[in-house]
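Structural features, examined
Each chain, written out:
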Amino acid sequence: MKLENAVYEYIKEEVIDLFVRYDVKCIPINGFELAAKMGIFLIPYSALTPVKLAAAIRISCDGYYFEPGNGKEYIFYNDQVEYERCNMTILHEIGHAALGHSENTDADTAEAEAAFFAKYAAAPPPLIHKIRPTNPEKLASVFSISNEAAEYAWDYYHKWLHKYRQRGRYVIYEKRLLLLFRESA
């Protein structure tokens, strides 16, 4: 599902705001660390009873965000997959929390927004540009993302690079990001 350009810009700003608020300034981006700083409890599927595990898998094979209404937030995630996938799942679920998704949010829209949030948070194009990996494999290595995610990030980076060259400068939230990560890489 394609979102409106204004929504993509809003999500990018939300990612950077989170990074600033929680002092995230190290590559690779660690969803586990960010969730902990946000006070979100992480529950691995391996810690669930068989009945709760079956229910969790019915909700999602990868993971899900849960806010029971008592002021606490939880991310349940499948810890039986590789780290890169766990991390991306957690970033995706953080996206739901950060973007204020609820049961009243259109499910397709919420999933598209959270997917973009995770993609942008895991490998923001200005940081890719700063590091300048020469191919998707190196991008995957530096940002600790899967090869598949690196291919998407690589393509998105080149689209971003075209726009960056057209305008000849970083936008304000990109400058904030680069200031935060000035000592990384």
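These lines cover the structure that appears in this document, whether it is placed above or below.

Calculation notes
- The residue numbers shown here count from 1 along each chain, following its written sequence.
- With pLDDT at 70 or above as the cut-off, local features in this predicted model cover only qualifying residues; side-chain atom pairs require 80 or more to be listed or tallied, and sums for whole chains, interfaces and linings still use all residues.
- Only hydrogens and water are set aside; all other atoms, that is, all heavy atoms of the structure, feed into the side-chain values.
- For helices the rule is a DSSP run of H or I covering at least 4 residues; for strands it is a run of E covering at least 2, with both sets numbered from the N terminus onward.
- Axes here mean lines fitted to C-alpha atoms, for a helix over just the part in contact, with angles spanning 0 to 180 degrees between N-to-C directions.
- Comment on the angle field: the value is read as roughly parallel under 35 degrees, roughly antiparallel over 145, roughly perpendicular from 65 to 115, and oblique elsewhere.
- By definition, turning the near helix anticlockwise from the far helix through less than a right angle yields a left-handed crossing, and turning it clockwise yields a right-handed one.
- Contact between two residues is taken to exist if any of their heavy atoms lie within 4.5 Å; hydrogens are not considered.
- Every definition here rests on a 1 Å grid over the protein atoms only: cavities are sets of points where a 1.4 Å probe fits but cannot get out, pockets are open sets enclosed by protein on both sides within 12 Å along at least five of seven lines, and lining residues have some atom within 4 Å of a point.
- Grid points are joined across faces, edges and corners, and a volume is the space filled by probe spheres set on the points.
- Ten residues, namely Ala, Val, Leu, Ile, Met, Phe, Trp, Tyr, Cys and Pro, are considered nonpolar, four, namely Asp, Glu, Lys and Arg, are considered charged, and the remaining ones, Gly among them, are considered polar.
- Any pair of Phe, Tyr and Trp rings, taking the six-membered ring for Trp, is counted once the centres come within 6.5 Å. Such a pair is stacked with planes under 30 degrees apart, edge-to-face with planes over 60 apart, and tilted for the rest.
- A simple rule labels every residue: compare its accessible area, found with a 1.4 Å probe on the protein chains alone, to the largest value its type can have, and call it buried under 20%, exposed over 50%, or partly exposed in between.
- Whether a charge lies above a ring is judged from NZ of Lys or CZ of Arg, which has to be within 6 Å of the ring centre and within 35 degrees of the ring normal.

With an omega dihedral of 5°, the bond running from I27 to P28 counts as a cis peptide bond. Mapped onto the elements, P28 comes out in the loop between α1 (5–21) and α2 (31–38). Its identity is not glycine, yet R132 carries a phi of approximately 55°, on the positive side. Inspection of the secondary structure assignment puts R132 in the loop between α6 (125–131) and α7 (136–143). Backbone geometry places S144, a non-glycine residue, at a positive phi of 55°.

Within the secondary structure, G71 sits in the loop between β2 (63–66) and β3 (73–77). Taking the C-alpha atoms as reference points, G71 and S102, 31 residues apart in sequence, are found 14 Å from one another.

Below, the discussion takes up the packing of α1 against helix α9 (residues 172–180). The geometry of α1 relative to α9 is characterised by a closest axis approach of 10 Å and an angle of 25° between their N-to-C directions. When the axes of α1 and α9 are compared, the pair comes out roughly parallel. Relative to α9, α1 is oriented so that their crossing is left-handed. Where α1 approaches α9, its residues E9, K12, E13, I16, D17, F19 and V20 are matched on the opposing element by Y173, R176, L177 and L180.

On to the layout of surface pockets. Of the volumes computed, that of the largest pocket is approximately 1000 Å³. Around the largest pocket, the lining comprises 38 residues; the ones closest to its centre are A115, F116, A118, K119 and Y152. Put simply, the parts of the chain that give the lining of the largest pocket at least two residues each are α1, β2, α4 (83–98), α5 (107–122), α8 (147–167) and α9. The element that contributes the greatest number of residues to the lining of the largest pocket is α8, accounting for ten residues. Among the residues forming the lining of the largest pocket, the class breakdown is 17 nonpolar, seven polar and 14 charged. In this structure, the second largest pocket spans a volume of roughly 420 Å³. If you trace the second largest pocket, you find 13 residues lining it, with Y65, F66, H101, S102 and E103 closest to the centre.

Attention shifts here to the packing of aromatic side chains. With the rule as written, the count across this model stands at 15 aromatic pairs. Measuring from centroid to centroid gives 5.0 Å for Y64 and F76, while their planes differ by 15°, and the two rings are stacked. Here the residue Y64 occupies a position in strand β2, and F76 occupies one in strand β3, the gap between them amounting to twelve residues. Y64 sits in the buried class, given a relative accessible area of 15%. Ring geometry for Y164 and Y170: centres 4.7 Å apart, planes at 35°, overall tilted. Three or more aromatic residues joined by ring pairs make a cluster, and in this case those are F41, Y64, F66, Y74 and F76. The lysine or arginine in question, K119, covers the ring of Y156, its NZ or CZ lying 4.3 Å from the ring centre.

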